[in-house]
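A look at the structure
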Amino acid sequence: MALRMKKRLSSLDTLKLLSYAKYKRHLSTTSNSQTPNSTMAKTKELSKDTRNKIVDLHQAGKTESAIGKQLGVKKSTVRAIIRKWKTYKDH
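Presented here is a report on the structure given in the accompanying data block.

Rules and cut-offs
Residues numbered from 1 in each chain as written. Predicted model: local features only at pLDDT ≥ 70, side-chain atom pairs only at ≥ 80, totals over all residues. Heavy atoms only, no water. Phe/Tyr/Trp six-rings, centres within 6.5 Å; stacked < 30°, edge-to-face > 60°. Lys NZ or Arg CZ within 6 Å of the ring centre and 35° of its normal. Helix = DSSP H or I, 4+ residues; strand = E, 2+ residues; numbered from the N terminus. Expected span 1.5 Å × (residues − 1). Buried < 20%, exposed > 50% of the residue type's maximum accessible area, 1.4 Å probe, protein only. Contact = heavy atoms within 4.5 Å. Core = buried A, V, L, I, M, F, W, Y, C linked by side-chain atoms within 4.5 Å. Salt bridge = Lys/Arg side-chain N within 4 Å of Asp/Glu carboxyl O. Axes fitted to C-alpha atoms, helices over the stretch in contact; angles between N-to-C directions. Parallel < 35°, antiparallel > 145°, perpendicular 65-115°, else oblique. Nonpolar A, V, L, I, M, F, W, Y, C, P; charged D, E, K, R; others polar.

1. A few points about the packing of aromatic side chains
- Across all of its chains, the model carries zero aromatic pairs by this definition.
- Over the face of the ring belonging to Trp 85 we find Lys 89, whose NZ or CZ atom lies 4.8 Å from the ring centre.

2. A closer look at helix α4 (residues 75-88)
- A rise of 1.5 Å per residue sets the reference length of α4, with its 14 residues, at 20 Å; its end C-alpha atoms lie 20 Å apart and thus fit the reference within 8%.
- Along α4, the residues that are buried comprise Val 78, Ala 80, Ile 81 and Ile 82.
- The inward-facing, buried residues of α4 abut α2 (48-59) and α3 (64-71).

3. Concerning the nonpolar core
- Listed in full, the eight residues of the largest apolar core are Ile 54, Val 55, Leu 57, Ile 67, Val 73, Val 78, Ile 81 and Ile 82.
- Listed by contribution, the elements that provide at least two residues to this core are α2 and α4.
- In this structure Ile 67 touches Ile 54, Leu 57, His 58, Lys 62, Val 78 and Ile 82, once residues within four positions along its chain are discounted.

4. A look at the pattern of salt bridges
- Throughout the structure, instances matching the rule amount to three salt bridges.
- Between Glu 45 and Arg 51 there is a salt bridge whose closest N-O contact spans 3.5 Å.
- Accessibility expressed as a relative area gives 70% for Glu 45, which makes it exposed.
- Residue classification places Arg 51 among the partly exposed residues on the basis of a relative accessible area of 23%.
- Between Glu 64 and Arg 79 there is a salt bridge, and its shortest N-O distance comes to 3.1 Å. In this pair, Glu 64 sits in helix α3 while Arg 79 sits in helix α4, placing the two residues 15 residues apart along the sequence.
- According to the relative accessible area criterion, Glu 64 is partly exposed, its value standing at 25%.

5. Focus: the side chain of Thr 50
- Along the chain, Thr 50 turns up in helix α2.
- Overall, Thr 50 belongs to the buried group, its relative accessible area being 19%.
- Excluding residues within four positions of it along the chain, Thr 50 makes contact with Leu 71 and Val 73.

6. A closer look at the packing of α2 against α4
- The N-to-C vectors of α2 and α4 enclose an angle of 80°; their axes lie 10 Å apart at closest approach. When the axis of α2 is compared with that of α4, the two are roughly perpendicular. On the side of α2, the interface is formed by Arg 51, Ile 54, Val 55, His 58 and Gln 59, while α4 contributes Val 78, Ile 81, Ile 82, Trp 85 and Lys 86.
- For the contact of α2 with α4, the per-class residue count stands at six nonpolar, two polar and two charged.

7. As for the environment of Lys 86
- Residue position: Lys 86 is located in helix α4.
- The class of Lys 86 is partly exposed, set by a relative accessible area of 48%.

Dropping the structure here:
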């Protein structure tokens, strides 16, 4: 009768496997493959000029909604540009 030996994973090995599994799931949901069920399209990056206009209008006191309407950009995009500018403006 042969005894089966199960390899016991250390907590670090388990964490690595879980992290890798999350990473693989992330890749499968964010890939730009042209599969029939793929609904996510690659987004266009805003030009430096448009990002600068967003920051300038923000500094002038315009609201995110007003900036978005004026430039034809979603409010969430305006918010993200402003947030990034606040975070990295001193770098």
